[in-house]
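# Understanding the architecture of this molecule
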Amino acid sequence: MNGPGRLASACMQVIALADREQLARYSADVLTTSLPRHRGLGLAGGTTPEATYRLLSQAPISWERLTLWMTDERWVPSDHSDRNSRMARDTLGETAAGRLEAPLFGELMEPDRAAQDYERVLRRSLPDGPGLVLLGMGDDGHTASLFPTTSALAAKNRTYVANEVPGRGWRLTATIDYLSQADRLVFLIAGETKAAVLARILDAGGDFPARTVMDSGPPVTVILDEAAASQLSATPVNRP
Ligand code: 6PG
C-alpha cells in the first residue's frame, strides 16, 4: 500500500469535471478514444456509469471487435431492475449489448456455481484478459462487489466468485486477481457521498477494496465530478 498523498501507482491520474454530465461526456470521449486498443471492456454496475453508457451507445465504436463483461452482478432475477446487466443493455443500446457476455443464472442455481460458470465464459471469451475495465466505488470504499471485510477479498486463483454481503445478500464479482490483469482501470465516481471515503483512499492511502484494486498493478484513471473530489487535499487533480 503506498503512503498518504501518493497516488496508488506511478501511472495513476485523477481527473475532476464540473458535474455528472461533464463526467459522462469526458469519460465517453476517453473510452471512445481508448477502446480501439482493447479487446475486452469490463462494465461497472450501479448508477454512475448510466450516462456514460448512453453516450457510448451513440459513439463511433467498433463494438464487433470487443467483448463486454460485467465486473459484478446482483443475485436477483434476470428481469429485475437491480440487475447490472439489464442496466448495461438498456443504456449501451442494441449493438453493444450484442457483445455483452453477462452472468447467466436462474433462481435455482447456487451463487458459486453461477460464478464458476461465468469464469468459464470469461476464459473462453477473453483469452487475453479483462481488457479495459470500468469500475465504480461505493461510499464504503467497495468496488465491483468487493465489499470491506467480505470473503471475496481473499479469493485466490479465481477470476469471479460469489460473495455474501451483509445487508445486501449475494453478489457475483470479479476478484482482485482478475482486475489486476486489466490493461487499464477506469473509475467513474460521482457525488458528495463519495467524497469522504475517496479522500481517505487517495489522500491518506486508506485500506479499502477500491484502493487495493487501484494498487493492484494496471494503469489507473479516476474520473470524478467536483462533488466527489471536494474533500481531496493531498492528491494532484487534473481539471481539463
Ligand atoms: C454495484 C456496483 C458497485 C457500484 C458502486 C457505486 O453493483 O452496485 O457494481 O460497485 O459501482 O456501488 O454505485 P453508484 O454508481 O450507484 O453510486
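Residues numbered from 1 in each chain as written. Predicted model: local features only at pLDDT ≥ 70, side-chain atom pairs only at ≥ 80, totals over all residues. Heavy atoms only, no water.

Regarding its fold elements, the chain presents nine helices and ten strands. In terms of overall size, the chain behaves like a compact globule, its C-alpha atoms giving a radius of gyration of 17 Å where 240 residues would be expected to give roughly 18 Å. Taking all 240 residues of the chain together, the buried fraction comes to 55%. Residue pairs in contact within the chain that sit at least 24 positions apart in sequence constitute 77% of those at least 6 positions apart. If you sum the accessible surface of the chain, you get close to 10,500 Å²; carbon and sulfur atoms cover 47% of it. Each charge sign in the chain was given a centre, from 25 positive and 29 negative side chains, and these centres are 4 Å apart. (Helix = DSSP H or I, 4+ residues; strand = E, 2+ residues; numbered from the N terminus. Rg over C-alpha atoms; globule rule 2.2 N^0.38 Å. Buried < 20%, exposed > 50% of the residue type's maximum accessible area, 1.4 Å probe, protein only. Contact = heavy atoms within 4.5 Å. Areas by Shrake-Rupley, 256 points an atom, 1.4 Å probe, with all protein chains shown as cover. Lys, Arg positive; Asp, Glu negative; His and termini not counted. Charge placed at Lys NZ, Arg CZ, Asp CG, Glu CD.)

Put simply, the chain has an average pLDDT of 95, and 96% of its residues get 70 or more. Note on residues 1-5: pLDDT under 50 across the span, and 20 contacts to partners over four residues away in sequence or across chains. (pLDDT = per-residue confidence, 0-100.)

Time to look at the site of the ligand. The local shell around the ligand holds 15 residues, among which Thr47, Thr48, Asp72, Ala144 and Lys194 are the closest. Note that an oxygen atom of the ligand is positioned 2.7 Å from one of the side-chain N or O atoms of Thr47. Taking Thr48, its side chain carries an N or O atom lying 2.6 Å from an oxygen atom of the ligand. Starting from 410 Å² of accessible surface for the ligand in isolation, the protein chains cover 88%. (Near = heavy atom within 4 Å. Polar contact = N/O pair within 3.5 Å; in protein donor to acceptor, adjacent residues only side chain to side chain.)

In this section: the sheet that holds strand E10 (residues 220-225). Spatial ordering of the open sheet is given by E1-E10-E9-E6-E2-E3-E5, a layout of seven strands whose pairing is parallel. For this open sheet the edge positions go to strand E1 (12-17) and strand E5 (100-101), each flanked by a neighbour on one side alone. Pairing of E1 with E10, which is carried by six bridges, proceeds in the parallel orientation. If you follow Ala16 over to E10, its bridge partner there is Leu224. Taken strand by strand, helix H5 (residues 111-125) contacts strand E3 (67-70) and E5, and its axis lies near 160 degrees from that of E3. (Pairing = 2+ DSSP bridges. Axes fitted to C-alpha atoms, helices over the stretch in contact; angles between N-to-C directions.)

So, about the pairing of strand E2 (residues 40-43). The side-chain alternation of E2 yields two buried faces, one formed by Gly40 and Gly42 and the other by Leu41 and Leu43. Relative to E3, E2 runs parallel, the two sharing four bridges. Within E3, the position partnered with Leu41 by the bridge is Leu68. Crossover handedness for the path E2 to helix H2 (residues 50-56) to E3: right-handed. Looking at chain direction, E2 and strand E6 (residues 132-135) are connected through two bridges and run parallel. The partner of Gly42 across the bridge, within E6, is Val133. (Right-handed = clockwise from strand over helix to strand, strands pointing away.)

Before going further, it helps to examine the side chain of Thr173. Here Thr173 is to be found in strand E8 (residues 169-174). Polar side-chain contacts of Thr173 include one of 3.0 Å to the backbone nitrogen of Ser145. Residues in contact with Thr173, not counting those within four places in the same chain, are Thr71, Asp72, Ala144, Ser145, Leu146, Ala152, Thr159, Tyr160, Val161 and Asn163.

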